[in-house]
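Structural overview
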Amino acid sequence: MQNVIYKAETGEGLKIKLPLPATAKNGSPTTYGPSGLRVIPQTDVATALLRSIGKAPRA
């Protein structure tokens, strides 16, 4: 059986939104949820400050 690699239409890997703590930083591995899933955020957490200066989408 071969492993299947899933990609988005742009050719990039699939990306999903996860609620991470405000201390999570772009590119720094962190743990998500009680199962201990290791993730590497691709953007900083959208804090109120980042939203106010236009560096994150409004919720």
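Residues numbered from 1 in each chain as written. Predicted model: local features only at pLDDT ≥ 70, side-chain atom pairs only at ≥ 80, totals over all residues. Heavy atoms only, no water.

Regarding the overall build of the chain
Along its length, the chain carries one helix and two strands. The secondary structure elements of the chain, listed N-terminal to C-terminal, are β-β-α. For the chain, buried positions account for 10% of its 59 residues. Sequence separation of 24 or more characterises 7% of the internal contacts of the chain that already satisfy a separation of 6 or more. Working note: accessible area of the chain is about 5,400 Å², and carbon and sulfur atoms make up 57% of it. (Helix = DSSP H or I, 4+ residues; strand = E, 2+ residues; numbered from the N terminus. Buried < 20%, exposed > 50% of the residue type's maximum accessible area, 1.4 Å probe, protein only. Contact = heavy atoms within 4.5 Å. Areas by Shrake-Rupley, 256 points an atom, 1.4 Å probe, with all protein chains shown as cover.)

Here we look at the confidence of the model for the chain
With 75% of its residues at a pLDDT of 70 or more, the chain shows a mean pLDDT of 77. Per-element mean pLDDT across the chain ranges from 83 in helix H1 (residues 48-52) up to 88 in strand S1 (residues 30-32). (pLDDT = per-residue confidence, 0-100.)

Some remarks on the environment of Ala24
Among the structural elements, Ala24 can be located in the segment before S1. Placed 20 residues apart in sequence, Ala24 and Asp44 show a C-alpha to C-alpha distance of 6.7 Å.

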